[in-house]
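# Tertiary structure, described
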Amino acid sequence: MCGIAGLIDRGQSAEERRERVSRMCESMRHRGPDDGGIADLGPVTLGSRRLAIFDPAHGRQPMQTPDGRFTIVFNGAILNFRDLKARLHLFGFTFRTDCDTEVLLAAYVHWGGDCVKELRGMFAFAVWDARDESLFLARDPFGIKPLYFYRDRETLLFASELNALVAARVIQAEFDPQAVTDYLAYIAVPTPRTIYRHVRSLRPGETASWKSGLMQFRRSWTFSGIAAQPAAKSRAEFTAQLRFQLEQSIAVHRVADVPVGAFLSGGLDSSAIVGLMARQGAGRLKTFSLAFEEPELSEATEAAATAQYYGTDHETFILRGADVARDFDTLIASMDQPSGDGVNTFYVARAARVGSVTVALSGLGGDELFGGYPSFRDVPRLAPWLRVWHLLSASVREPILARLSRGETRHQKLADILRYARDVHALSSLQRRLFSQSAAERLLRPPLPPETHPELHRLSADLGADDAFRVVSAWELRNYMGNLLLRDSDVMSMRHSLELRVPFVDRPLIEWLWQQPTRFKFTPGRPKSALADALADVLPPGMAARRKRGFTLPFAQWLRRDLRPLMDDIFSPASVARTGLLSPEAAADVWQRYRARTDDRAWSRVWSLGVLIAFLNRRPA
C-alpha cells in the first residue's frame, strides 16, 4: 500500500518536475511512512511513498527492470503475487525480492497491459516504457485503490490522492459545479468526475495508455465480460461452494509480512470475516470496534460478545460527538472529496494503527453481494410499475408529480424516480439520492439542469437485460460502494498509515458469485441468508437469526448537541456565501428545519451539506 505520483511535461526541466512530484509525495507521506523515492526518466518523473507490507527490507519504488526499460510505481497489494512469481519463473524471470511490486513489474513485462487479468487484489499503478516513451495506468476492477489524473496537450499529472494533485501546483483547484450537483444527489462525486474541474478519476477496471500527448482508455474488466462458470444445481451445492470461495478469499487476504487485524462491528459481515480469520490464523487475532454513548446505536455489547466467542484481543474506541467536533477540521482535511460518510473509518482505522496492526480486514461489500440493503427489496417491486406509469397521459402524471414535489423528502424522491426513471437501471441509480432534484436546485447557485447519473448508460449497456437482483447489486457495487465506501475507506485508513483489505470485494469470489442463480444468493425476507448459511458453523450462536442493524453513527443526536455550535457557524450566511456555489437562504433552511425537529431522519442531509460547505471553504493543501 502506497501513494504514487507522476508528471510528464516536456516543457519543464527535470528539476522542476522533481520539485512538483516531491511536493505530491510529501503530501502523501501518511500513505507511505516507511520509504519514498523519485526517479527522473526522460520527460517523466515518477514518485512513491511506501507502506511496507511484503518484504519490508526490499521493494523500493520507483522500481526498474534490470534492462532499465520499464519503471513502475504501484499502490495496492497483489495477493496472488507468489503464485504469479512461480509462473513467471517458468518464463525465465528471476527476482531480487519477495515483494509484490517486483512481480507486478515482471507481469507487465510478460503480459503487457493484459497483466491486470492475472491480478488478485487491489491496485493502481503506472509503468513508464523508456523505449517507447509511453505510460500505462491501471486500476483494479472495483476501485479499491484510487488513481486521479489531469492532462492537457503538454502535461499529464497523476496521483493517488486529489490533495496531492493540488499540492503539485500544476492545476487550478477550481471546483466543478456539476460535481457539486452530483454530490448533492449521490452523497459522493461519482467516477469519473472529481470535485475539481478538469481532474478525472480512472474508472474501476479501466486502463489508460499515454503516448505523445494522446491518451487511450480501455475497459479491462466488465460484468458482461465475466467468464462463464458452472452454476450450482442446488442450494446445498451453492452453500458448500460459497464457503470454499470465502475461505479462499480470507486465506489470500491474510497474507502479509506485518501484523494483520480486523474491524469488528458485531454484525454479520465483520463477524464472518473475523470468524474465518480466527479459524485459519495462528496466534491471537486483534480486532477493533467503535462504540457510542448512545446505547440504541452502539453495538459494543454484540461486538465484545463476538470477540469473546472467537477469542480475539479486542479493543473498543468510544466515539463521542465532542470528538467529531474537535477533529472536524482534520476530518475535512483528510478528505479528498466531500463525503457524507467516512468518519467511522477515520476513527476505527486510527484505533487499529495505535493497536499495532498495519493491515486490517473489513466486512465491506457483504451487503452489496448478498442483498443486505432495502434496494434489493424495493427496486424489483417498483420497476414493473414504471412502464405503467409512463403510459399515463401527461395530464394525469404532472399533477401527481407536482403534489409529490411539494411534499416531504421521501415524496420528493419518489417524484424524481417517477419523473426520470424509465427502467430498472435508472431506478437503481436514483434510489440512493440524498437531495431530491428540486431540493438540489434550491441549494445550488445557479442551479444546473438535471442530469442522469454519469455512468447510467455505460453500466446499463454492460449489464443489459439482466435480472433485477444483479442490476441492483451492480449499482450498489459501482455507485454506493465504489464512489463512497471504498473511496472513504482508502483515504481515511491511509490517513493513519493502515492498509485496509476487503475480502468480500475479491474478483474471483465476485466472478463466481455473479454466475450463480439469484434464488440461491437472495431469499426475500431473509437478507444475507446465503452468507449466514454458508458460515453457520463459524458464526456465534444466534448471529444468523439476529435482526440486521445498519451501522449508523449518532449524528441525529450529535447535530443537536455536540455539533450544534459548529453547524451554526458552517451554515451561517457568510460561510455559505463564501462557497460561491450554494444559496445561503436554502442552506440555512435545511439547518433551521432540522433544529426545529421537523424531520429527525434528515440528519444525513444536514451532515453531508455541512461537510460540503466546509470542504468548499477549506484552504487548498
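Quick caveat, the model's predicted, so the values are computed rather than measured. (Residues numbered from 1 in each chain as written. Predicted model: local features only at pLDDT ≥ 70, side-chain atom pairs only at ≥ 80, totals over all residues. Heavy atoms only, no water.)

## With respect to the UniProt feature "active site" (unreviewed entry) in the protein chain
Filter applied, for reference: UniProt positions are given in the numbering used here, feature names are shortened, and annotations may be inferred rather than shown by experiment. Each helix is a run of H or I in the DSSP string that is no shorter than four residues. Each strand is a run of E no shorter than two, and both are numbered from the N terminus.
Those residues carrying the UniProt feature "active site" (unreviewed entry) are Cys2 in this numbering. Relative to the assigned elements, Cys2 resides in strand 1 (residues 2-9).

## Remarks on the packing of helix 12 (residues 375-391) against helix 14 (residues 409-420)
So the rule is basically this: In this description, a line fitted to the C-alpha atoms serves as the axis of each element, helices being fitted only across the stretch in contact, and the angle between N-to-C directions of two axes falls anywhere from 0 to 180 degrees. With the far helix as reference, a near helix turned anticlockwise by less than a right angle produces a left-handed crossing, and one turned clockwise produces a right-handed crossing. The contact rule is simple, with two residues in contact once any of their heavy atoms fall within 4.5 Å. Residue polarity follows a fixed list, in which Ala, Val, Leu, Ile, Met, Phe, Trp, Tyr, Cys and Pro are nonpolar, Asp, Glu, Lys and Arg are charged, and the others, Gly among them, are polar.
Their axes nearest at 9 Å, the elements helix 12 and helix 14 cross at an angle of 65°. As helix 12 runs across helix 14, the sense of the crossing is right-handed. Taking contact as the criterion, the partners of Leu382, Leu386, Trp389 and His390 in helix 12 are, on helix 14, Ile417, Leu418 and Arg419. In terms of residue class, the contact of helix 12 with helix 14 is made up of 5 nonpolar, 1 polar and 1 charged.

## Concerning the state of the cysteines
Such a bond, covalent and formed between the sulfur atoms of two cysteines, is termed a disulfide. For clarity, the cut-off: In what follows, a disulfide is any cysteine sulfur pair within 2.5 Å. Partly exposed residues are those whose accessible area sits between 20% and 50% of the maximum for their type, while under 20% is buried and over 50% is exposed, using a 1.4 Å probe and protein chains only.
Under the defined criterion, the tally for this structure stands at 0 disulfides. As a non-bridged cysteine, Cys2 has Cys99 as the owner of its nearest cysteine sulfur, 8.1 Å distant. The class of Cys2 is buried, set by a relative accessible area of 3%.

## Details of the pattern of salt bridges
Defined as follows: Every case where a carboxyl oxygen of Asp or Glu lies within 4 Å of a side-chain nitrogen of Lys or Arg is listed as a salt bridge.
Counted according to the given criterion, the structure contains 49 salt bridges. One salt bridge in this structure joins Asp490 and Lys145, with 2.3 Å as the shortest N-O distance. Placement of the pair is Asp490 in helix 18 (residues 468-494) and Lys145 in the loop between strand 7 (134-139) and strand 8 (148-151), with a sequence separation of 345 residues. This pair shows no difference in class: Asp490 is buried, exactly as Lys145 is. We note a salt bridge from Arg377 to Asp378, for which the minimum N-O separation is 2.7 Å. Its relative accessible area of 34% is what places Asp378 among the partly exposed residues. Within the structure, one salt-bridge network assembled from shared partners comprises Arg31, Lys145, Glu161 and Asp490.

## Comments concerning the sheet that holds strand 11 (residues 206-211)
Heads up, the rule is: Pairing between strands is defined by DSSP: at least two bridges between the two strands are required.
Read across the open sheet, the 6 strands follow the order 4-5-6-7-11-12; overall the sheet is antiparallel. On the outer flanks of this sheet lie strand 4 (63-64) and strand 12 (214-219), each paired with one strand and no other. Summarising the sheet, strand 6 (residues 121-129) and strand 7 pair through 6 bridges and their orientation is antiparallel. Each bridged residue has a counterpart across the sheet, and for Asp129 the counterpart in strand 7 is Ser134.

## Quick word on the nonpolar core
Counted only if it meets this: The nonpolar core is taken to be a set of buried Ala, Val, Leu, Ile, Met, Phe, Trp, Tyr and Cys residues, with the residues joined through side-chain atoms within 4.5 Å.
Counting 189 residues, the largest nonpolar core has Phe125, Leu242, Val324, Trp607 and Leu609 as its most contacted members. Examining the composition of this core, we find that 14 residues originate from one element, helix 18, more than from any other. Sequence-distant contacts of Leu609, defined by excluding residues within four places in its chain, comprise Leu184, Phe435, Leu443, Phe571, Leu582, Ala587 and Val590. Counting residues in each nonpolar core, the second largest holds 20 residues, with Ile8, Ala126, Trp128 and Leu135 among its members.

## Quick look at the pairing of strand 6
For strand 6, the tally of buried residues reaches 9 of 9 residues, placing the bulk of the element in the interior. Pairing of strand 5 (residues 70-78) with strand 6 involves 9 bridges; the strand directions are antiparallel. Bridging across to strand 6, Thr71 finds its partner in Trp128. Hairpin connection, strand 6 to strand 7: the antiparallel pair is bridged by 4 residues, and Glu133 has positive phi, about 50°.

## A few points about the packing of helix 2 (residues 81-90) against helix 3 (residues 100-111)
Heads up, the condition is: In this scheme, roughly parallel covers angles under 35 degrees and roughly antiparallel covers those over 145, while 65 to 115 is roughly perpendicular and the rest are oblique.
In the contact formed by helix 2 and helix 3, the axes pass within 9 Å of each other and the chain directions differ by 45°. Compared by their axis directions, helix 2 and helix 3 come out oblique. Judged by the sense of rotation from one axis to the other, the crossing of helix 2 with helix 3 is left-handed. Two secondary-structure elements touch here, helix 2 through Phe81, Leu84, Lys85, Arg87 and Leu88 and helix 3 through Asp100, Val103, Ala106, Ala107, His110 and Trp111. When grouped by side-chain class, the residues that make up the contact of helix 2 with helix 3 number 7 nonpolar, 1 polar and 3 charged.

## Overview of the packing of aromatic side chains
Using the following cut-off: Each pair of aromatic rings taken from Phe, Tyr and Trp, with Trp reduced to its six-membered ring, is defined by centres within 6.5 Å and is described as stacked if the planes are under 30 degrees apart, edge-to-face if over 60, and tilted in the remaining cases. Working rule: Lys NZ or Arg CZ, within 6 Å of ring centre, within 35 degrees of ring normal, means a charge sits over the ring.
Under the defined criterion, the tally for this structure stands at 28 aromatic pairs. Aromatic side chains Phe223 and Trp514 sit 4.6 Å apart centroid to centroid with 35° between the ring planes, which places their arrangement in the tilted category. Placement of the pair is Phe223 in the loop between strand 12 and helix 6 (235-253) and Trp514 in helix 19 (residues 507-514), with a sequence separation of 291 residues. Each member of the pair, Phe223 as well as Trp514, is classed as buried. Seen in terms of ring centroids, Phe328 and Trp607 are 5.8 Å apart; in terms of plane orientation they differ by 75°. Their pairing is edge-to-face. Here Phe328 is found in helix 9 (residues 321-334), whereas its partner Trp607 is found in helix 26 (residues 603-617), with 279 residues between them in sequence. For the pair shown, Phe328 and Trp607 are each scored as buried. Following the ring pairs from residue to residue traces out a cluster consisting of Phe292, Phe328, Phe555, Trp558, Trp603 and Trp607. Just above the ring of Tyr480 sits the side chain of Arg432; from NZ or CZ to the centre is 3.6 Å. One Lys or Arg, Arg560, reaches over the ring of Tyr594 and ends 4.0 Å from the middle of that ring.

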